[in-house]
Amino acid sequence: MSFQAPPTLLQLAGQSLLRDEALAISALEELPMELFPPLFKTAFMNGRSNILRAMVQAWPFPCLPLGGLMKMKEPYLEILRTILDGIDTLLDQKIRPRGYKLQVLDLRTLHKDFWNVWAGESCSPEVKCKKKTQKRDPGIVAKQSLKVVIDLCLKPSALDACLSYIFLWVEGRKGVLHLACKRLKISTVAIQTIVDVLEMLDLDCVEEVGVCCAWKLSTLAMFAPYLGRMKNLRKFLLSHICVSTSISPEEEEQLVSQFTSQFLNLHCLQLLSMDSVSFLNGKMDQVLSCLEGPLKTLSITDSELSEPDLKSLSQCRGIRQLKHLNLSGVALTDISPEHLRVLLERVSATLKTLDLENCMIVDSQLSAFLPALSSCSQLTTFNYLRNPISVAVLEHLLCHTARLSCLSLEMYSTPWEVYGAQGAAHYKRLEQLREELSKSMMPLEHPKTVWFSIIPCPPCGNQAI
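An account of the accompanying structure is given in this report.

Attention now moves to the overall build of the protein chain. Summing up its helical and strand segments, the protein chain has 16 helices and 16 strands in all. Buried residues in the protein chain amount to 48% of all 465 residues. Look at the contacts in the protein chain between residues 6 or more apart in sequence, and 80% of them connect residues 24 or more apart. As displayed, the protein chain has an accessible area near 21,900 Å², and 53% of this comes from carbon and sulfur atoms.

Now for the pattern of salt bridges. Pairs may arise between side chains of opposite charge once their charged atoms sit close together. Overall, the coordinates contain 13 salt bridges when judged by the stated rule. The salt bridge partner of Asp 88 is Arg 173, with a shortest N-O separation of 2.9 Å. You can see Asp 88 sitting in helix α6 (residues 77-91) and its partner Arg 173 sitting in the loop between α7 (161-171) and β6 (177-186), a full 85 residues away along the chain. With respect to burial, Asp 88 and Arg 173 carry one shared label: buried.

This next bit is on the nonpolar core. If you look at the biggest cluster of nonpolar residues, it comprises 133 residues, and the most contacted ones within it are Phe 40, Phe 223 and Phe 236. Non-local contacts of Phe 40, meaning those with residues more than four positions away in its chain, are made with Leu 52, Met 55, Val 56, Trp 59, Leu 64, Leu 66, Leu 69, Ile 83 and Trp 115.

Moving on, we get to the packing of helix α14 (residues 363-374) against helix α15 (residues 391-401). Running from amino to carboxyl end, α14 crosses α15 at an angle of 5°, the nearest separation of the two axes being 10 Å. The angle between α14 and α15 falls in the class roughly parallel. Every residue of α15 that contacts α14 at Asp 363, Leu 366, Ser 367, Leu 370, Leu 373 and Ser 374 is listed here: Val 393, His 396, Leu 397, His 400 and Thr 401.

All chains considered together, the criterion is met by zero disulfides. Of the cysteine sulfurs around Cys 205, a residue in no disulfide, the closest is that of Cys 181, at 9.3 Å. Cys 205 gets classed as buried once you look at its relative accessible area, which sits at 11%.

Here the focus is helix α9 (residues 217-228). In this model α9 runs 16 Å from its N-terminal to its C-terminal C-alpha over twelve residues, within 8% of the 16 Å that 1.5 Å per residue would give. Counting buried residues along α9, nine of its twelve residues qualify, which places the element largely inside the surrounding structure. Buried residues belonging to α9 abut β6, α8 (191-198), β7 (208-211), β8 (215-216), β9 (235-242) and α10 (249-260).

Here we come to the pairing of β6. Of all ten residues in β6, seven are buried, a share of seventy percent or more. Summarising the sheet, strand β5 (residues 146-154) and β6 pair through eight bridges and their orientation is parallel. The partner of Val 148 across the bridge, within β6, is Leu 179. Crossover handedness for the path β5 to α7 to β6: right-handed. Note that β6 and β7 share four bridges and pair parallel. Bridge pairing in β7 links Lys 185 to Gly 210. Taken together, β6, α8 and β7 form a β-α-β motif whose crossover is right-handed.

About the cut-offs
- Residues numbered from 1 in each chain as written.
- Predicted model: local features only at pLDDT ≥ 70, side-chain atom pairs only at ≥ 80, totals over all residues.
- Heavy atoms only, no water.
- Helix = DSSP H or I, 4+ residues; strand = E, 2+ residues; numbered from the N terminus.
- Buried < 20%, exposed > 50% of the residue type's maximum accessible area, 1.4 Å probe, protein only.
- Contact = heavy atoms within 4.5 Å.
- Areas by Shrake-Rupley, 256 points an atom, 1.4 Å probe, with all protein chains shown as cover.
- Salt bridge = Lys/Arg side-chain N within 4 Å of Asp/Glu carboxyl O.
- Core = buried A, V, L, I, M, F, W, Y, C linked by side-chain atoms within 4.5 Å.
- Axes fitted to C-alpha atoms, helices over the stretch in contact; angles between N-to-C directions.
- Parallel < 35°, antiparallel > 145°, perpendicular 65-115°, else oblique.
- Disulfide = S-S within 2.5 Å.
- Expected span 1.5 Å × (residues − 1).
- Pairing = 2+ DSSP bridges.
- Right-handed = clockwise from strand over helix to strand, strands pointing away.

As structure tokens, then:
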């Protein structure tokens, strides 16, 4: 038999108050702050429009994390209109009640705990709520602007009804509120739609941008000026940018410059990820020379790079505090290992994860930069899958990495000697190799448990041991 805890006195008080709408509205000025969140949530879930409208106008906290409730009740367009209508009433006033403290309307699907705990313990990070239970001053305060915070994903399909309504509402309230987007994801090529939305946003508030669709280089250049205005951008992810064969080298150079020059404004950038970006080949110096702030994460994947590109990367000022480096899918077979050695030496004091999967690095190259890899004292993860490697070099490599006390995950492809002429695995030899390599993973001074997966490098199949 299940036991359900009886309602608290706070819950009973809220339920009682909601039974009499007129009484509830008239009591808001005297209502203790801790009653507002549970009362608002109950009114929201029951669609009590008049009470919600009045509560918004008397909201005693700096932020209203409405997004934490939005997914709990669908459809919610009508209730959103009610709440925004209540805010409109206040925005139209020349002066506002002193008890009204709302500065941020947070529409992100976060902060659900705010509605389940005492109001003073949780709130949007935009403005922390304070634990106060005293009677609120009924005086008046001057009008101030309101920040509306959203996360936004622009897709090929039309905006949903709620988002469209919010945009229309913000457009009609220029000067008294501004629209802040923390996380922006773009998965559409409709650049005019993107520009129309960006023109409405307070770009200083954008902290993360992901471009996750196939853009032409010319589209990226059109987006670039808006990127440069995102002064507090911390993460930028870019993928599948293609260069049209019809443009001239001079035009390509100009478009790339329009994009890369914007990095000079991104002083807070900590993560840069570029996947399948075709213009990088031969242009890395142009990209990296504009990076001023120290990156924490750099990911360049499934792209073509030249030897001068890797040299530029090893000399980049922005990598001096790098913690995560991903070059998977970048063919390094014909590139001197000296540049990778210099790169690893420069980041050896901070690097934690290194991903070199499918870089087609050969034994001689690995041996050349292995001492630098061994100096990466903070390394925790090393991915070397899908690179051709011999048993002898793998054993030598493991002897070096065994000295890295922080290293807990290593991944390698099965050495090519283990496979027969037809690519069939010799299972007895695989088991023997596993035992030999396991022994080599045990250093004398720093005993540790290390898990590693030995997966065959193409075209040998996909049998793992």
